[in-house]
Amino acid sequence: TADSKGRQLWRVSGSSVERVTSIVSDEAELDPRHLIVSDNKLFFVGEEHPYGRELWVYDGTARMVKDINTSGHGNLGGFFTDYKGRLFFSAGTSSTGVELWISDGTSDGTKQVCDIWPGNISSGIVSPVIIGDTLYFTANDGTGTEIWRLISSDGQPVKFTDKPGMGADC
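A. Expanded view of a nonpolar patch on the surface. Taken together, the side chains of W10, V12 and V17 define a hydrophobic patch exposed on the protein surface, amounting to about 290 Å² of accessible area. In this structure, V17 sits in strand β2 (residues 16-19).

Next comes the structure, spelled out in C-alpha cells:
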C-alpha cells in the first residue's frame, strides 16, 4: 500500500490489519517484493537508504538480513525458493555477478553457496524446481546453460546435465 509512509509490509490477522514497517526516506521506501516463507520466517526484498534493495526478513520484527552488495543493490530477484527449511535465492555483487545464495534469516547464515561462473560474470541462475528431495535449477558456468541440482541444503550444486568435455561442478 502506498501512503505517506510509502510501500510497507503489512500483517493481516483475522479481521485486523497492521502495518509492521515504516521505513521510508527521500531516497527510498521499503517497497517489499518477492515475498516467500521459509522456516516460519517471511523473507522479502526491500529497500532502505543507503543500502539499496537487499534481503529482509520478518519473524515478528522486520529487519535487513545482510547488505549483500555493499556497493549498490544486491541484485536480488528471479530465484527465491524454500528448500529443506532454508531460503535459496539469487543475489549479486560486483566481484561475483548474480549467483546462488542461502539464508537462515541471520547475517552470518546468509552466504553465497557457489560462484557457478567464476569471476564477476553472472551465471544466469533461474527456474528453481523441487522434485522429490532435490532442488533443480538452470545456470551457466561459462560453457552454456545447463540443469544443476542440489541434493542437500548444506551441500554444493552439481551439474545434472553436462555437455561432454565441458565445465566442472562447484
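After that view, the rundown keeps rolling.
B. Highlighting the pattern of salt bridges. This structure, assessed with the given rule, holds 6 salt bridges. Of the charged contacts in the structure, one is a salt bridge between D31 and R33, with a shortest N-O distance of 2.8 Å. Given a relative accessible area of 42%, R33 falls into the partly exposed group. For R53, the salt bridge goes to E47, with nearest N and O atoms at 3.4 Å. Taking the relative accessible area as the measure of exposure, R53 reaches 15% and is therefore buried. E47 gets classed as buried once you look at its relative accessible area, which sits at 18%.

C. The arrangement of the sheet that holds strand β5 (residues 52-58) in detail. Across the sheet, which stays open at both edges, the 4 strands sit in the order β3-β4-β5-β6 with antiparallel pairing between neighbours. Looking at which strands have only one partner, the edges of the open sheet turn out to be β3 (33-38) and β6 (62-66). The sheet shows a mean angle of 40° between the axes of neighbouring strands, direction not considered. Two elements, β3 and strand β4 (residues 41-48), share 4 bridges in a ladder whose sense is antiparallel. Bridging from a neighbouring strand, R33 pairs with V45 of β4.

Criteria and thresholds
- Residues numbered from 1 in each chain as written.
- Predicted model: local features only at pLDDT ≥ 70, side-chain atom pairs only at ≥ 80, totals over all residues.
- Heavy atoms only, no water.
- Patch = residues over 30% accessible without salt bridge, like charges linked within 9 Å, V, L, I, M, F, W, Y side chains within 5 Å.
- Areas by Shrake-Rupley, 256 points an atom, 1.4 Å probe, with all protein chains shown as cover.
- Salt bridge = Lys/Arg side-chain N within 4 Å of Asp/Glu carboxyl O.
- Helix = DSSP H or I, 4+ residues; strand = E, 2+ residues; numbered from the N terminus.
- Buried < 20%, exposed > 50% of the residue type's maximum accessible area, 1.4 Å probe, protein only.
- Pairing = 2+ DSSP bridges.
- Axes fitted to C-alpha atoms, helices over the stretch in contact; angles between N-to-C directions.

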